[in-house]
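Residue-level structural notes
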Amino acid sequence: MSNTLEALRKITTVVADTGDFATLEAYAPQDATTNPSLILKALQQAEYLPVLDDAIEATQNSEKNGEALVDLVIDHLLVGFGQKILEIVPGRVSTEVDACLSFDTRATVAKARELIALYEAAGINRERILIKIASTWEGIRACEILQQEGIRCNMTLLFSLAQAVACAEAEAQLISPFVGRILDWYKANTDTPYTAETDPGVVSVGEIYTYYKKFGHNTEVMGASFRNIGEILELAGCDLLTISPALLEELQGMTDEVPRKLNPENAADAAIEQLDVSEKSFRWLLNEDAMATEKLSQGIRVFGQDMLKVRAIVRTQLAQVPVA
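Since the model is a prediction, treat every value here as computed from it, not as a measurement. Positions within a chain are numbered from 1, following the residues in the order the chain's sequence is written. Given that the model is predicted, a residue must reach a pLDDT of at least 70 before its local features are reported, and side-chain atom pairs must reach 80 or more before they are shown or counted; all residues, however, enter totals for whole chains, interfaces and linings. Remark: hydrogens and water are excluded; side-chain values derive from all non-hydrogen atoms of the structure.

A word on the overall build of the protein
Looking only at helices and strands, one finds 14 helices and eight strands in the protein. For the radius of gyration, the atom set is restricted to C-alpha positions; the globular benchmark scales as 2.2 Å times the number of residues to the power 0.38. For 324 residues, the compact-globule estimate of 2.2 N^0.38 gives 20 Å, and the protein sits close to it at 20 Å. When its C-alpha atoms are laid out on the principal axes, the protein stretches across 65 × 50 × 40 Å. Each residue is assigned to one of three classes by its accessible area relative to the maximum for its type, calculated with a 1.4 Å probe on protein chains only: buried under 20%, partly exposed between the two thresholds, exposed over 50%. When each of the 324 residues of the protein is scored for burial, the buried share is 54%. Whether two residues are in contact is decided by their heavy atoms, any of which lying within 4.5 Å being enough. Across the protein, contacts joining residues at least 24 apart in sequence account for 68% of those joining residues at least 6 apart. In short, Shrake-Rupley with a 1.4 Å probe defines the accessible areas, and a residue's cover is counted only from the protein chains shown. Accessible surface for the protein amounts to roughly 14,500 Å². Of this, 48% is attributable to carbon and sulfur atoms. Taking the 28 positively charged and 47 negatively charged side chains of the protein as two groups, their mean positions are separated by 2 Å. Numbered from the N terminus, helices here are DSSP runs of H or I no shorter than four residues, and strands are runs of E no shorter than two. All tallies of charge rest on Lys and Arg as positive and Asp and Glu as negative; His and the ends of each chain are not included. For the purpose of locating charges, the reference atoms are NZ of Lys, CZ of Arg, CG of Asp and CD of Glu.

Remarks on the pairing of strand β3 (residues 93–96)
Burial along β3 is two-sided: Val93 and Thr95 facing one way and Ser94 and Glu96 facing the other are all buried. Two strands pair under a simple rule: DSSP has to find at least two bridges between them. Relative to β3, strand β2 (residues 31–33) runs parallel, the two being bridged by two bridges. Paired with Thr33 across the strands is Ser94, a residue of β3. In the sheet, β3 pairs with strand β4 (residues 129–134) via four bridges, with the strands oriented parallel. Bridged to Thr95 within β4 is Ile131.

As for the sheet that holds strand β1 (residues 13–17)
Ordered in space as β1-β2-β3-β4-β5-β6-β7-β8, the eight strands form a closed barrel in which the pairing is parallel. With strand direction ignored, the average angle separating the axes of adjacent strands in the sheet is 30 degrees. Simply put, an axis is a line fit to the C-alpha atoms, just over the touching stretch for a helix, and the angle between two N-to-C directions goes from 0 to 180 degrees. In this fold helix α14 (residues 290–319) packs onto β3, β4 and β5 (153–158), with an angle of close to 115 degrees to the strand it touches most, β5.

Things to note about the packing of helix α5 (residues 66–86) against α14
Where α5 meets α14, the axes come as close as 10 Å, and the angle between the chain directions of the two elements is 105 degrees. Judged by the inter-axis angle, α5 sits roughly perpendicular to α14. Facing α5, whose interface residues are Glu67, Leu69, Val70, Asp71, Val73, Ile74 and Leu77, α14 presents Met307, Val310, Arg311, Val314, Arg315 and Leu318. Any angle that falls under 35 degrees is termed roughly parallel, while one over 145 is termed roughly antiparallel, one within 65 to 115 roughly perpendicular, and all others oblique.

Concerning the packing of helix α8 (residues 161–169) against helix α10 (residues 200–215)
Between α8 and α10, the shortest axis-to-axis distance is 10 Å and the interhelical angle comes to 30 degrees. Classified by chirality, the crossing of α10 by α8 is right-handed. In this structure, α8 contributes Leu161, Ala164, Val165, Cys167 and Ala168 to the contact, and α10 contributes Glu207, Ile208, Tyr211 and Tyr212. Taken together, the residues of the contact of α8 with α10 break down into eight nonpolar, no polar and one charged. By convention the crossing between two helices is left-handed if the near helix lies anticlockwise of the far one by an angle smaller than a right angle, and right-handed if it lies clockwise. Here the term charged refers only to Asp, Glu, Lys and Arg, the term nonpolar to Ala, Val, Leu, Ile, Met, Phe, Trp, Tyr, Cys and Pro, and the term polar to all other amino acids, Gly among them.

Concerning unusual backbone geometry
Residues other than glycine seldom take positive phi values, yet Leu157 does so here, at roughly 50 degrees. Its location among the elements puts Leu157 in strand β5. Notably, Ser225 is not glycine yet its phi reads approximately 60 degrees, a positive angle. Relative to the helices and strands, Ser225 resides in the loop between β7 (220–223) and α11 (229–234). Judged by relative accessible area, which is 11%, Ser225 ranks as buried.

A word on the side chain of Lys111
Looking at the secondary structure, you find Lys111 in helix α6 (residues 105–121). With relative accessibility at 16%, the residue Lys111 sits in the buried group. A distance of 2.9 Å separates polar atoms of two side chains, one belonging to Lys111 and the other to Asp75. Nitrogen and oxygen atoms within 3.5 Å of one another constitute a polar contact, given that in protein one can donate a hydrogen and the other can accept it, and given that sequence-neighbouring residues count only through two side-chain atoms.

Some details on helix α12 (residues 245–252)
Buried within α12 are the following residues: Leu247, Leu248 and Leu251. The buried residues of α12 occupy an angular sector of 105 degrees when projected down its axis, which confines them to one face. Exposed positions of α12 whose direction lies more than 90 degrees from the buried face are Ala246 and Glu249. Residues of α12 that are buried in the fold lie against α1 (4–9), β1, α2 (21–27), α11 and β8 (240–243). Picture the helix axis, draw a direction to every C-beta atom, and the arc is the one those directions span.

A short note on the pairing of β7
Here is the key point about a regular strand: its side chains alternate between the two faces of the sheet. With burial as the criterion, each face of β7 is covered, one bearing Glu220 and Met222 and the other bearing Val221 and Gly223. As paired strands, strand β6 (residues 174–177) and β7 are joined by two bridges and run parallel to one another. Bridge pairing links Ile175 to Val221 in β7. Of the strand pairs in this sheet, β7 and β8 are connected by two bridges, and their pairing is parallel.

Structural notes on the side chain of Gln147
Position of Gln147 among the secondary structure elements: in helix α7 (residues 137–148). Not counting residues within four places of it along the chain, the set of residues in contact with Gln147 comprises Arg152, Cys153, Ala170, Glu171, Ala172 and Gln173.

Overview of the environment of Lys41
One can find Lys41 in helix α3 (residues 36–43). Taking the C-alpha atoms as reference points, Lys41 and Tyr212, separated by 171 residues in sequence, lie 34 Å from one another.

Just geometry here; none of it tells us what the structure is for.
Set out below in structure tokens:
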């Protein structure tokens, strides 16, 4: 009898939400996603420090110094992790732009181009790379520019239909709505008990999926940030689901059947109207959604703080490099 993870794979592309190479080999996902928090976690394990050593070695002939050198090492570090991951997964890897650039369209575009250039210099086709960008108005505008250049974007920290529609209209390759973080907010701010079916994060992704299929958007929907197996199974049939190692292990140990819950055929008759996501409307809709506003801001802060910790590790390692 096949396990639940194998059953899920028949109707949804399974992605590993990790920077842990061993996990990738164990669960054989199609794609993998990383973020600053996952990179930080990996760097705290001795077996991953050689990736940082390689990144430092790759920058030894650079004329840059100080924080500019730290930036360059981090770019090589992120791409180094991506390269290692792509040796294991057959599909794509997502590499995230620093959260501190979330409100700067020009800087986000520049950083994405730099990361893609490093991947291509290493012989990796840009079609295997997704550049992760926060779903702010500025981030979405950066996505629009990058997609026109053939640089595919994964729009992250997405908590609302307004964000999702704006990303689709910018022709993002993929969006990552955060299921578990939405549930976290509602648990903290309401007294309502939630089941897997009524989970606000699950409901949100279902709404986005239905909107995309009804109005013919090609942007892929990848549910992310899961807190439990119930959330995952309620979104069976979603284009992709990115799942943590712990939940992948749990799914692999189960033998439950996986009925399809999301189906594009059901979207045609959905009673929904197209949403105006001009800048004025987008900012208003996001402002009126307390959950989405708070979780977007919190997510940017957390990723920003974790990247600062990564920078500190890089500075420490650089300080130990002998001066030529």
